[in-house]
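The chain contents come next:
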2 protein chains.
Amino acid sequence: MNYSRQREVILQTLQSNVVHPTAEYLYAILKEKEPNISLATLYRNLNQLAENDIIKKIDGLESSSHFDHNTNEHYHFICERCKKVYDIKDDVAPDVVKKAEQETGFLIKKHDIVFSGLCSDCLKEIKESN
Amino acid sequence: MNYSRQREVILQTLQSNVVHPTAEYLYAILKEKEPNISLATLYRNLNQLAENDIIKKIDGLESSSHFDHNTNEHYHFICERCKKVYDIKDDVAPDVVKKAEQETGFLIKKHDIVFSGLCSDCLKEIKESN
DNA sequence: ATATAAAATAAGAATTGTTATCATTTTTGG
DNA sequence: CCAAAAATGATAACAATTCTTATTTTATAT
């Protein structure tokens, strides 16, 4: 990753400013310091910074929604290699809603935990190919 | 919600078939049973079914990504009324990764919990306006 | 310093996933 | 069986993001 003034400005804006902005919101602020900056540059850099763990991208970890006929409480794992979605039992995070409500005073109506990484099938295949 | 053959087929396909499909994937399968079905009908019904808690929609709970300079472990809450994003401390789900890895045998590299509902400010405003 | 290869840029076109519009058809309750 | 409400298919519109391309900037090795 080479240096660029634009990336510097993006990072500074993100670090010094509002928390959790969307790209659109950031773009509006950035325009003041860097009037010629392109939206593509912003997206390119945000993704790059996130890949290098300098910032964090908050999303569902995937572009399109998935639909699930199992309405019982459970969570999800998306394999970064085969893209399959697996169910994760909800006992991995007991009382998570109650705890979050107590800490914040918010009313929580929904929540989901999305894990990602490598599923056992892919782990196996990777091991075998080495 | 009135009956419709198309909705019936959508629900059956979702319930009998693959878990966690995307709309795109579902559409391809549906075309066989219901060749004239429209993509709009599919989306309309998926959202309707999800609203009535007959199926579940798995996504980041929001359309656009947010970016965060705080790379420490923490979770997020999105207020459905004011759309603000708040941090939630990670102690609401202790050892969640370790537990999920033990249950599944997967390698988990990332995870996030996204809560949604009403933040304290909005709860207050709602109460005051009544 | 200078040439050069690699990386980054701006601008806008293109793509993707999803929702809105609207004229037509289907469902339902009296 | 009829009117009102709901649902449909086709397609336009939309929002968020990524791709393309020609140009500029940065790092590197002389």
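Residues numbered from 1 in each chain as written. Chains lettered and ligands numbered in written order. Predicted model: local features only at pLDDT ≥ 70, side-chain atom pairs only at ≥ 80, totals over all residues. Heavy atoms only, no water.

Participant: Can you tell me about the side chain of Lys56(A), naming the residues and giving the values?
Facilitator: Its location among the elements puts Lys56(A) in strand 1 (residues 56–58). Judged by relative accessible area, which is 19%, Lys56(A) ranks as buried. Filtering out sequence-adjacent residues up to four positions away, Lys56(A) remains in contact with His66(B), Phe67(B), Asp68(B), Asn70(B), Thr71(B), Asn72(B), Glu73(B) and His74(B). (Helix = DSSP H or I, 4+ residues; strand = E, 2+ residues; numbered from the N terminus. Buried < 20%, exposed > 50% of the residue type's maximum accessible area, 1.4 Å probe, protein only. Contact = heavy atoms within 4.5 Å.)

Participant: Help me get a handle on the side chain of His111(B), residues and values and all.
Facilitator: With respect to the helices and strands, His111(B) occurs in strand 5 (residues 107–118). A distance of 2.7 Å separates polar atoms of two side chains, one belonging to His111(B) and the other to Tyr75(B). Residues in contact with His111(B), not counting those within four places in the same chain, are Val114(A), Phe115(A), Glu73(B), Tyr75(B), Val96(B) and Val97(B). (Polar contact = N/O pair within 3.5 Å; in protein donor to acceptor, adjacent residues only side chain to side chain.)

Participant: Explain the protein's contact with DNA strand C to me, using residue names and the numbers behind them.
Facilitator: Taken together, 22 residues surround DNA strand C, and among them Ser4(A), Gln6(A), Thr41(A), Arg44(A) and Tyr43(B) come closest. A distance of 3.2 Å separates a phosphate oxygen of DNA strand C from a polar side-chain atom of Asn45(A). Between Tyr3(B) and DNA strand C, the recorded distance is 3.3 Å, taken from a backbone N or O atom to a phosphate oxygen. Those elements that place two or more of their residues in the surface near DNA strand C are helix 1 (5–16) and helix 3 (39–51) of chain A together with helix 3 (39–51) of chain B. In terms of residue count, the dominant contributor to the surface near DNA strand C is helix 3 of chain A (five residues). (Near = heavy atom within 4 Å.)

Participant: Which residues make up the relation of the copies chain B and chain A, and what values do they have?
Facilitator: Superposition record for chain B on chain A: RMSD 0.4 Å, screw rotation 179°, translation along axis 0.0 Å. In short, the pair behaves as if placed about a two-fold rotation axis. Same-surface contact between copies: 98% of interface residues of chain B are shared with the interface of chain A. (Least-squares fit on C-alpha atoms with pLDDT ≥ 70 in both.)

Participant: Please set out the packing of aromatic side chains residue by residue, giving values where relevant.
Facilitator: In this structure the tally under the stated criterion is six aromatic pairs over all chains. Where Phe77(A) meets Phe106(B), the ring centres are 4.6 Å apart and the plane angle is 45°; that geometry is what we call tilted. In this pair, Phe77(A) is assigned in strand 3 (residues 74–79) and Phe106(B) in the loop between helix 4 (96–104) and strand 5, connecting two distinct chains. Residue Phe77(A) is classed as buried on the basis of its relative accessible area, which comes to 0%. For Phe106(B), a relative accessible area of 9% puts it in the buried group. Ring pairs connect the aromatic residues Phe77(A), Tyr86(A) and Phe106(B), which therefore count as one cluster. (Phe/Tyr/Trp six-rings, centres within 6.5 Å; stacked < 30°, edge-to-face > 60°.)

Participant: Before we move on, can you summarise unusual backbone geometry with the specific residues and values?
Facilitator: All names here are of chain B. Its identity is not glycine, yet Lys-83 carries a phi of approximately 70°, on the positive side. With respect to the helices, strands and loops of the structure, Lys-83 is situated in the loop between strand 3 (74–79) and strand 4 (85–89). Positive phi values are uncommon outside glycine, yet Asp-95 reaches one of about 60°. Summarising the element assignment, Asp-95 is placed in the loop between strand 4 and helix 4.

Participant: Kindly report on the protein's contact with DNA strand D, identifying the contributing residues and their values.
Facilitator: Every one of the 21 residues lining DNA strand D counts as a neighbour, but Tyr43(A), Ser4(B), Gln6(B), Arg7(B) and Thr41(B) are closest to it. Contact between DNA strand D and Tyr43(A): a phosphate oxygen at 2.4 Å from a side-chain N or O atom of the residue. Note that a phosphate oxygen of DNA strand D is positioned 2.5 Å from one of the side-chain N or O atoms of Thr41(B). Where the surface near DNA strand D is concerned, the elements lending two or more residues are helix 3 of chain A together with helix 1 (5–16) and helix 3 of chain B. Take the surface near DNA strand D: its biggest share by element is five residues, from helix 3 of chain B. In the surface near DNA strand D, the residues fall into seven nonpolar, 12 polar and two charged. (Nonpolar A, V, L, I, M, F, W, Y, C, P; charged D, E, K, R; others polar.)

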